[in-house]
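Geometric and topological summary
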Amino acid sequence: EYIPYGIPENVYKPYTNDLKSGEGVMQELYKICKWQNIGKNPINKIKRQDLNKFIEDEINIGNTRRTINKKITLLYGMMNALYQNGDVKREDIELPLKPKKLPETDSSKNRRYFEPDERSRLIKTAKRRSPTWLYTAIIVSLNTGLRPGSLFNLTWADVDFRTSTIQLQASYMKTK
């Protein structure tokens, strides 16, 4: 089994267990760490040009800049978490400065929002055919942008009617 940067999976796995997408994070780290110039070098031997080549290759295979930014952040986040926990020493992870974030001008092509008429039809249909709780969930979600996982974990203590705000608890957020 491939071990990213010589760090056993069991060292980083506890950090990903706290994320809802923990297994996905591990899989993404494996992919990043298998990439030629990153995976073949010890952590403290990775150069800026290695990261730049990784970014270039990611662009060439069609990944959006948003995806590439997430991968770089994930790589640096893993190293920081390992250092903060004392699993690796600072001299073992002398990565170059994190590359400047790529402008995410190409990422909006995959996003789609409800058109006003679609929104109206959804609300009307939900009001006529859905159980009351689903209609309410649709209205709250459309007006707040809450993901279903966050929405369905809300408690009355999370809602402040005085200030018209909702306080989201980290325990039920996507990234905790």
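Look a little higher up for the structure.
As a starting point, this report considers the structure included with it. (Residues numbered from 1 in each chain as written. Predicted model: local features only at pLDDT ≥ 70, side-chain atom pairs only at ≥ 80, totals over all residues. Heavy atoms only, no water.)

Considerations on the overall build of the chain
Inclusion rule: The way it works is that DSSP assigns letters per residue, a run of H or I at least four long becomes a helix, a run of E at least two long becomes a strand, and they are numbered from the N terminus. Categorising residues by exposure relies on relative accessible area from a 1.4 Å probe, with only protein chains included: less than 20% of the type maximum marks a residue as buried, more than 50% marks it as exposed, and the intermediate range marks it as partly exposed. Every residue pair with non-hydrogen atoms within 4.5 Å of one another is taken to be in contact. Only the protein chains shown count as cover for residues, and all accessible areas are computed by the Shrake-Rupley method using a 1.4 Å probe.
Counting secondary structure elements, the chain contains eight helices and two strands. For the chain, the sequential pattern of α-helices and β-strands runs α-α-α-α-α-α-α-α-β-β. Counting only residues that meet the buried cut, the chain has 30% of its 176 residues in that class. Pairs at least 24 apart in sequence give 54% of the contacts found in the chain among residues at least 6 apart. Roughly 11900 Å² of accessible area belongs to the chain as shown, and the carbon and sulfur atoms make up 52% of that amount.

Here's the deal with the layout of surface pockets
Rule in force here: The definitions used throughout rest on a 1 Å grid laid over the protein atoms alone, on which a cavity is an enclosed set of points accommodating a 1.4 Å probe that cannot get out and a pocket is an open set flanked by protein within 12 Å on both sides along at least five of seven lines; lining residues are those having an atom within 4 Å of a point. Grid points are joined across faces, edges and corners, and a volume is the space filled by probe spheres set on the points. Lys, Arg, Asp and Glu make up the charged group, whereas Ala, Val, Leu, Ile, Met, Phe, Trp, Tyr, Cys and Pro make up the nonpolar group; the residues left over, Gly among them, are polar.
Volume-wise, the second largest pocket comes out at about 290 Å³. Forming the boundary of the second largest pocket are W133, T136, A137, V140, L151, F152, L154, T155, W156, V159 and I166. Residue composition of the lining of the second largest pocket, grouped by class: nine nonpolar, two polar and no charged.

Focus: helix α7 (residues 132-144)
Within an α-helix, residues lying three or four positions from one another point in the same direction, as the helix has 3.6 residues per turn. For clarity, the cut-off: Every helix has an expected span of 1.5 Å times one less than the residues it contains.
Look at α7: 18 Å from first C-alpha to last across 13 residues, which is about the 18 Å you get at 1.5 Å a residue. Phi turns positive, to about 85°, at G145, one or two residues after α7.

Points about the packing of helix α4 (residues 48-60) against helix α5 (residues 65-84)
Defined as follows: Every axis in this analysis is a line fitted to C-alpha atoms, fitted for helices over the stretch in contact. Angles between the N-to-C directions lie between 0 and 180 degrees. A clockwise turn of the near helix away from the far one marks a right-handed crossing, whereas an anticlockwise turn of less than a right angle marks a left-handed crossing.
Between α4 and α5, the least distance of the axes is 10 Å, while the angle of their chain directions is 145°. Seen from above, α4 lies across α5 with right-handed handedness. Along its contact with α4, which presents L51, F54, I55, E58 and I59, the element α5 presents I68, K71, I72, L75 and Y76. Of the residues assigned to the contact of α4 with α5, the class counts are eight nonpolar, no polar and two charged.

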